[in-house]
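# Commentary on secondary and tertiary structure
Spelled out from the first residue to the last, the chains are:
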Amino acid sequence: MRRWLKIVGYCLLALLLLVVAAIPAVVGIRPIIGPRARPLTERTIERTPERVERGRYLASAVSGCLFCHSKVDWQSPGFLIVPGSEGGGKSFADEGVPFVSAPNLTPDPESGAGTWSDDMLVRAIREGISHDGRSLFPLMPYRQFKHMSDEDVFSIVAFLRTLKPLRTSPPPTEMPFPLSRLINGAPEPIVEPIAVPDRTNQVTYGEHMLTLSVCRECHTPADAQGQVIPGMDLAGGFPMIGPFGQVASANITQAPSGIPYYTEELFLEMMRTGMVKARKIHDMMPWNMYRNQTDDDLKAIFAYLKTVAPVQHRVDNTLPATDCPRCSLRHGAGDQNQPAS
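We now turn to the structure provided with this report. Please read these numbers as outputs of a predicted model, since none were measured by experiment.

The next thing to look at is the packing of helix α3 (residues 49-62) against helix α7 (residues 150-160). It is at 7 Å that the axes of α3 and α7 come closest, and there the two elements cross at 95 degrees. Here α3 lies roughly perpendicular to α7, going by the angle between them. For the pair formed by α3 and α7, the contact residues are Arg51, Val52, Arg54, Gly55, Arg56, Leu58 and Ala59 on the first element and Glu151, Asp152, Phe154, Ser155, Ile156, Ala158 and Phe159 on the second. For the contact of α3 with α7, the per-class residue count stands at 7 nonpolar, 2 polar and 5 charged.

A separate point is the packing of helix α9 (residues 202-212) against helix α13 (residues 295-305). Helix packing for two helices is described by the angle between their axes and how far apart those axes are. Two numbers describe how α9 lies on α13: the axes approach to 7 Å, and their chain directions differ by 105 degrees. The orientation of α9 with respect to α13, classified from their angle, is roughly perpendicular. Only Asp297, Lys299, Ala300, Ile301, Ala303, Tyr304 and Leu305 of α13 make contact with α9, whose side of the interface consists of Gln202, Val203, Tyr205, Gly206, Glu207, Met209 and Leu210. Of the residues in the contact of α9 with α13, the class split is 9 nonpolar, 2 polar and 3 charged.

All right, on to unusual backbone geometry then. Omega for the peptide link from Phe177 to Pro178 comes to 5 degrees, which places this bond in the cis form. Even without a glycine there, the phi angle at Phe79 is positive, about 50 degrees. Within the secondary structure, Phe79 is located in the loop between α4 (65-68) and β1 (90-91). One non-glycine residue, Val214, lies in the positive phi region at around 60 degrees. Among the secondary structure elements, Val214 is positioned in the loop between α9 and α10 (215-219).

Okay, the pattern of salt bridges next. What the rule picks out here adds up to 21 salt bridges. Here Asp150 and Arg126 are joined by a salt bridge, their closest N and O atoms 2.8 Å apart. Within this pair, whereas Asp150 is found in helix α7, its partner Arg126 is found in helix α5 (residues 118-127), the two being separated by 24 residues in sequence. The salt bridge partner of Asp323 is Arg330, with a shortest N-O separation of 3.0 Å. Here Asp323 falls in the exposed class, since its relative accessible area comes to 52%. Judged by relative accessible area, Arg330 falls into the partly exposed class, the value being 46%.

What follows deals with the packing of aromatic side chains. Taken as a whole, this structure holds 6 aromatic pairs when the rule is applied. Relative to Phe244, the ring of Phe79 lies with its centre 5.6 Å away and its plane at 20 degrees, an arrangement referred to as stacked. Taken together, the positions of Phe79 in the loop between α4 and β1 and Phe244 in the loop between β3 (239-242) and β4 (245-248) put the pair 165 residues apart, joining distant regions of the chain. Measuring from centroid to centroid gives 5.2 Å for Tyr261 and Tyr262, while their planes differ by 70 degrees, and the two rings are edge-to-face. The rings of Trp74, Phe79 and Phe244 are connected pair by pair, giving a single aromatic cluster. When the ring centre of Phe67 is taken as reference, the NZ or CZ atom of Lys90 above it lies at 5.2 Å.

Turning next to helix α11 (residues 264-273). All of the buried residues along α11 are Leu266, Phe267, Leu268, Met270 and Met271. Buried-residue contacts for α11 involve β5 (275-276), α12 (287-290) and α13. Immediately beyond the C-terminal end of α11, within one or two residues, lies Gly274, with a positive phi of roughly 75 degrees.

So, about the environment of Thr211. If you trace the backbone, Thr211 turns up in helix α9. Owing to a relative accessible area of 14%, Thr211 belongs among the buried residues under this scheme. In this structure the C-alpha to C-alpha distance between Thr211 and Gln144, which are 67 residues apart in sequence, comes to 5.8 Å.

With respect to the element layout, Arg181 can be found in helix α8 (residues 179-182). Placed 58 residues apart in sequence, Arg181 and Pro239 show a C-alpha to C-alpha distance of 25 Å. Arg181 has contacts with Pro31, Ile32 and Gly34, leaving out every residue within four places of it along the chain.

Bringing α13 into the picture now. With 8 of 11 residues buried, α13 lies mostly within the body of the structure. Where α13 is concerned, the buried positions are Asp297, Leu298, Ala300, Ile301, Phe302, Ala303, Tyr304 and Leu305. Tucked inside the fold, the buried residues of α13 contact α3, α9, α10, α11 and α12.

Thresholds, definitions, all that
- Residues numbered from 1 in each chain as written.
- Predicted model: local features only at pLDDT ≥ 70, side-chain atom pairs only at ≥ 80, totals over all residues.
- Heavy atoms only, no water.
- Axes fitted to C-alpha atoms, helices over the stretch in contact; angles between N-to-C directions.
- Helix = DSSP H or I, 4+ residues; strand = E, 2+ residues; numbered from the N terminus.
- Parallel < 35°, antiparallel > 145°, perpendicular 65-115°, else oblique.
- Contact = heavy atoms within 4.5 Å.
- Nonpolar A, V, L, I, M, F, W, Y, C, P; charged D, E, K, R; others polar.
- Salt bridge = Lys/Arg side-chain N within 4 Å of Asp/Glu carboxyl O.
- Buried < 20%, exposed > 50% of the residue type's maximum accessible area, 1.4 Å probe, protein only.
- Phe/Tyr/Trp six-rings, centres within 6.5 Å; stacked < 30°, edge-to-face > 60°.
- Lys NZ or Arg CZ within 6 Å of the ring centre and 35° of its normal.

Given below as structure tokens:
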């Protein structure tokens, strides 16, 4: 009996070692040892008027920094930022993510970013590492912002330093296990300079501006693990939850179920007014923020959208949400779609 117990014990030990060895092979080693993070530098970003103004433009009209880090009046047309809350942070509980908060980015030294170094902010924005070394939840779109040029991220930091200090403390982010460990694989250190994008090629520049505007993050459906569904780039159907209920993002490809009828003029009109002729778009599409982009930037985004591969995928928020065999999510008109061939 003792011999058999010893054999069983060795077998269990071998099984345990096998499981321990298999975990890194399945999810990688980062969930165990922590995220990749470069050492912080002592650089101080010069606050020139040009940088502050560029940073204001990016934070308020392009990348959504102020929209995500301020309180929002969900009853107002266009979902306006509550005056006086700019940059003070907020909880995402109302938007279906109760364990995540956007921190106070104002220069307040006690509850905000007043004691954070410039490079802490740079690293957080583009690389997904918080000021205290934690991995940021990818609701913060650092995977898109990693394409931001050095000059643009410096400009955002310069602008954030000019915000009115607010003594506000949103609830701390407390991600549940195992999510709290799995996100350690997302951050990527940036160790090489990133140049200002070339504006002479309108389509390439448009893709860059679309990326910084985080359009792809909302308009491309993802699975339950947050992985983009192959072949569905910008095809819509991604669910968004808030005090307004649940809506799905639109298909903005050139497929018949997308926006093939958009002209440059109509695209700019929609971005400026939130209207497609007589039809109002849902305010969860942050047109009230994007309306402040320059004509050149919006025209470049539209030029890029015209080159995106068409994906036939009908999304209609006026219809009841049904299971969609194309994207495997639930949205209006989902049952009118066909599985991918």
